[in-house]
Structure formats: structure tokens, C-alpha cells
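# Geometric and topological summary
Okay, here's what each chain looks like letter by letter:
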Amino acid sequence: MKAYRLLTEEDTSAFCHKVTKALSKGWELYGSPSYAFDASTGKMRCAQAVIKEADGEYDPEVKLGGL
């Protein structure tokens, strides 16, 4: 199965750490990162899609972060 996640976070080093952690667990970058203003918080937010080939079949109950 190919798994997909969209990682999001405020524009701080926490976002880079989140993406780096995913990469260290075998996830791969998918596309370019996005950067947008969140009017509800008044802060910039980042997003990066990642994909990973995983054993088994898709189940909506699977915890993607645990793959």
C-alpha cells in the first residue's frame, strides 16, 4: 500500500523537525511545500505532503504516523 500524509505546522522550526522526523522514518517528500497565512491565528503555516510504501492493505483505522 502507498500511504499519504499532509504534515502541517506553524512556520517555526517545529515544522522542519516534523518533516525531518517523517523522512527519518522512511517517508518521502511528495511535491513542493506550501506556505499560507492563517487568518484565524494571525500566523503563517507550512504544509508538506509525504508518501511511504507500507506493508498491508489500506484501512481507515491505520495510524499513518505509526507507519
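Here is a short report on the structure shown in this document. Please read all numbers here as calculations on a predicted model, not as lab measurements.

## With respect to the sheet that holds strand E1 (residues 2-10)
Strand order in the open sheet formed by 3 strands is E1-E3-E2, and the pairing between neighbours is antiparallel. Looking at which strands have only one partner, the edges of the open sheet turn out to be E1 and strand E2 (28-38). This sheet shows a mean twist of 15 degrees between the axes of neighbouring strands, independent of strand direction. Two strands pair when backbone bridges link them, and E1 and strand E3 (residues 43-53) are joined in this way by 9 bridges, in the antiparallel orientation. Opposite Lys 2, over in E3, you have Glu 53 as the bridge partner. Its contacts with the sheet place helix H1 (residues 13-24) against E1, E2 and E3, and it is angled at close to 160 degrees to E1.

## Looking at the pairing of E2
For E2, the tally of buried residues reaches only 1 of 11 residues, placing the bulk of the element at the surface. Where E2 lies against E3, 8 bridges are found, and the strand directions are antiparallel. Residue pairing in the sheet places Glu 28 in a bridge with Ile 51 of E3. In this antiparallel pair of consecutive strands, E2 and E3, the connection spans 4 residues, and Gly 42 shows a positive phi of 75 degrees.

## Brief notes about H1
Under the 1.5 Å per step criterion, the end-to-end length of H1 is 16 Å for 12 residues, consistent within 8% with the ideal 16 Å. Among all positions in H1, only Phe 15, Val 19 and Ala 22 are buried. Down the axis of H1, the buried side of the element spans an arc of 60 degrees, and every buried residue falls inside it. In H1, the exposed positions angled more than 90 degrees off the buried face are occupied by His 17, Lys 21 and Ser 24. Buried positions along H1 lie against E1, E2 and E3. Positive phi shows up at Gly 26, right after H1, with a value of about 95 degrees.

Cut-offs and rules
Residues numbered from 1 in each chain as written. Predicted model: local features only at pLDDT ≥ 70, side-chain atom pairs only at ≥ 80, totals over all residues. Heavy atoms only, no water. Pairing = 2+ DSSP bridges. Helix = DSSP H or I, 4+ residues; strand = E, 2+ residues; numbered from the N terminus. Axes fitted to C-alpha atoms, helices over the stretch in contact; angles between N-to-C directions. Contact = heavy atoms within 4.5 Å. Buried < 20%, exposed > 50% of the residue type's maximum accessible area, 1.4 Å probe, protein only. Expected span 1.5 Å × (residues − 1). Arc of directions from axis to C-beta.

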